[in-house]
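Geometric and topological summary
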Amino acid sequence: MTALLEVEGLQVRYGPALAVDGVSLRLEAGERVALIGPNGAGKSSLLNAVCGLVKPAGGQVRIDGDDVTGAAPGAIVRRGVSQVPEGRQVFGTLPVESNLLLGAYGRLFRGELVSATLRYLRGRAETRARLERIYELLPKLRELRERPAGQTSGGEQQMVAIGRALMADPRLLAIDELSLGLAPVVVQDLAAFLRTLNEERGVALLLVEQNAQLAFELCSRAYVLEAGRCVLEGRSAELQRNELVRTAYLGGGLEVVPA
Amino acid sequence: MTNFLQLVVVGLSSGFAYALVGIGMVLIHRTTGIVNFAQGAFAVMGGLVTATLVDDVPTFLAGLLAVLLVAAVGGAMGFVALGRRGRTTLLASLIITLGLALLTSAVHLLVFTDVPRTYPRISATSWDVGGVTVDPQYVLIACVSLASALLLTFVLRRTIVGNALVACSDSRRAAELVGLSVRSLGVLSFAVSAALGALAGLLIIPLIPLTYDSDVSIAVNGFAAAAFGGLDSIRGALAGGLVLGIAENLVIGYIDPQYQLAIGLVIMLMIISWRSRHEVAT
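Now for a look at the structure at hand. Bear in mind that the values here come from a model prediction, so they are computed numbers and not experimental data.

Our focus in this paragraph is the overall build of chain B. In terms of helices and strands, chain B carries 11 helices and two strands. In terms of its C-alpha atoms, chain B occupies a principal-axis envelope of roughly 60 × 50 × 35 Å. Buried positions account for 53% of the 282 residues belonging to chain B. For chain B, contacts bridging at least 24 residues in sequence account for 76% of all contacts bridging at least 6.

Next comes the structure, spelled out in structure tokens:
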């Protein structure tokens, strides 16, 4: 059976530097998978290459077995893979609701403005219904719908970014640094929400995270990236016991406990 | 005092035209990051085409056709200036607009020759308001400019396409990620800006005849107006255009008409140097 997302020998190059050097990964429909590793390991570059923001220098990205390497971001969204970008990147001057609606509008683009707009206007009722579903999932967004997204808290902006991505009705949500700059309590709430979303709606998760503890709690499998290469992969439970992972990512180095 | 008021009133009329050109620059800059130097060419084209068409069709229709034509040309220019995704830098795009401005100017010279063009004002009689002469054309310029600015603001705030244009300026990266075609939206911003520029040109040409090479001074003044609001604010460009128009006319009236263009340049330089210092400081 073909996986929802397959990445094979992917390379991403910025000038002479190889940010991602031959990484492969696989994600089945409905799975929760994490990419962990230190700053600059190539996690975000990998995600951006999958989502079409950067063109890979080599390797292949497949969605449902179809080669989508180097496709435009919009094409990836229409394939059912939406990204929640690092630093949220909400449309700050626009109201929260407009942010969400643009998530639905964006999916209708095939490079052509007029036909996308016509499709959007024709499908307004369906978009409204989807908006209602998002408000039911994230009631906070309904309260904030008139507020410019830039004037909401970090956690609320993360909800806006997630809601915006969900408006495209994705089967896979790729989240770049969920916890970055957010209070631990807020992160726990968002993690719980994502778990529910995954379990009840079957939306798969690909989580890029520096906080390995969070990644292991939320995801069943993980890939460990270092200097652009995948150095480890496996089930979260196993990786959590791995000596290398413990010392490097879980603060195990500070609590060396001889038996 | 009457003389002063007269100069202000005349200044306001050209000020509204600068404001329209400036608002167009703001729209393109916000959506694409490009500073469009061909903005003056849109105004000249709008004016010259209208002045030529009025010989054959009613003025309103001539103006409408000119606006549509210039919008199409502007969209095509945007398509060229935006270049290839991820390959064309902002600086390259800016140079391309400069080249397109020169090219347009040359085409204008070929098609319309170097004779200044104009067409009759909306009304031959003007009003006397407390000793100040108010030409109905001034009022027309003010009304059309304000209406365009309001309409544009409404579209940007309330329609999905307008929101998408704003989204590009808020976060181009996120706009791409949700699937919006940043490129088509950029072309749209060029077309709309061109239409605004054309309106400015066709409204001002009955008062100030234009030639193929008028685009430089219009572009400079439009840019100065736009720079007033930091190239990112429609209201700022509107205010900037009016301030500039009045200042320019006071200089013409009290000092020397020769310095007309210099005013725009000086104000532009002052704003830019003040802003750059301000931004470094914060």
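Membership of the largest hydrophobic core comes to 134 residues, with the highest contact counts inside it found for Leu 102, Tyr 105, Leu 141, Ile 162, Leu 173 and Leu 194 of chain A together with Leu 180 of chain B. Once residues within four sequence positions are removed from consideration, Tyr 105 of chain A is found in contact with Leu 113, Ala 116, Thr 117 and Tyr 120 of chain A together with Ile 160, Val 161, Ala 164 and Leu 180 of chain B. Counting 32 residues, the second-largest nonpolar core is a separate cluster that includes Leu 27, Leu 46, Val 50 and Ile 63 of chain A.

The subject of this paragraph is unusual backbone geometry. All names here are of chain A. Its identity as a non-glycine residue notwithstanding, Arg 88 has a phi of 65°, on the positive side. Tracing the backbone through its elements, the reader meets Arg 88 in the loop between strand E6 (81-84) and helix H3 (96-107). The phi torsion at Ala 227 lies on the positive side, around 45°, for a residue other than glycine. Within the fold, Ala 227 resides in the loop between strand E9 (221-226) and strand E10 (229-235).

Residue and element names in this part refer to chain A. Position of Leu 118 among the secondary structure elements: in helix H4 (residues 113-122). On the accessibility criterion, Leu 118 (44% relative accessible area) is partly exposed. In this structure, the C-alpha to C-alpha distance between Leu 118 and Leu 4, residues 114 residues apart in sequence, is 30 Å.

Counting along an α-helix, one turn takes 3.6 residues, and residues three or four places apart therefore face a common direction. Residues and elements named next belong to chain B. With 21 residues, helix H10 (residues 234-254) ought to run about 30 Å at 1.5 Å a step, and its terminal C-alpha atoms sit 30 Å apart, in line with that. Among the residues of H10, Ile 234, Gly 236, Ala 237, Leu 238, Gly 240, Gly 241, Leu 242, Leu 244, Gly 245, Glu 248, Asn 249 and Val 251 are the ones counted as buried. Backbone nitrogen of Arg 235 and a side-chain oxygen of the N-cap are separated by 3.4 Å at the start of H10; the cap is Ser 233.

What follows is about the packing of aromatic side chains. Residue and element names in this part refer to chain A. In the structure shown here, the tally under the stated rule is three aromatic pairs over all chains. Ring geometry for Tyr 105 against Tyr 120: centres 5.2 Å apart, planes inclined by 70°, an arrangement best described as edge-to-face. Of the two residues, Tyr 105 is situated in helix H3 and Tyr 120 in helix H4; the sequence distance between them amounts to 15 residues. Here the aromatic cluster, defined as three or more aromatic residues joined through ring pairs, consists of Tyr 105, Phe 109 and Tyr 120. Over the aromatic face of Phe 91 sits the side chain of Arg 164, whose NZ or CZ is 4.7 Å from the ring centroid.

Residue and element names in this part refer to chain A. With six bridges joining them, E9 and E10 adopt antiparallel strand pairing. Note on E10: the bridge partner recorded for Val 224 is Leu 232. Two successive antiparallel strands, E9 and E10, enclose a turn made up of two residues, where Ala 227 displays a positive phi of approximately 45°.

We now examine the interface of chain A and chain B. Counting residues at the interface gives 30 residues for chain A, matched by 21 residues for chain B. Note on chain A versus chain B: buried area summed over both sides is about 2,100 Å², and carbon and sulfur give 67% of it. Between the two partners, chain A and chain B, sit four residue pairs in polar contact (both at pLDDT 80 or more). At the level of secondary structure, the elements contributing two or more residues to the side of chain A that touches chain B comprise helix H2 (73-78), H3 and H4 of chain A. Ranked by residues supplied to the side of chain A that touches chain B, first place goes to H3 of chain A with seven residues. Of the residues in the side of chain A that touches chain B, the class split is 14 nonpolar, 12 polar and four charged.

Cut-off values and rules
Residues numbered from 1 in each chain as written. Chains lettered and ligands numbered in written order. Predicted model: local features only at pLDDT ≥ 70, side-chain atom pairs only at ≥ 80, totals over all residues. Heavy atoms only, no water. Helix = DSSP H or I, 4+ residues; strand = E, 2+ residues; numbered from the N terminus. Buried < 20%, exposed > 50% of the residue type's maximum accessible area, 1.4 Å probe, protein only. Contact = heavy atoms within 4.5 Å. Core = buried A, V, L, I, M, F, W, Y, C linked by side-chain atoms within 4.5 Å. Expected span 1.5 Å × (residues − 1). Polar contact = N/O pair within 3.5 Å; in protein donor to acceptor, adjacent residues only side chain to side chain. Phe/Tyr/Trp six-rings, centres within 6.5 Å; stacked < 30°, edge-to-face > 60°. Lys NZ or Arg CZ within 6 Å of the ring centre and 35° of its normal. Pairing = 2+ DSSP bridges. Buried area = accessible area lost by both parts, 1.4 Å probe. Nonpolar A, V, L, I, M, F, W, Y, C, P; charged D, E, K, R; others polar.

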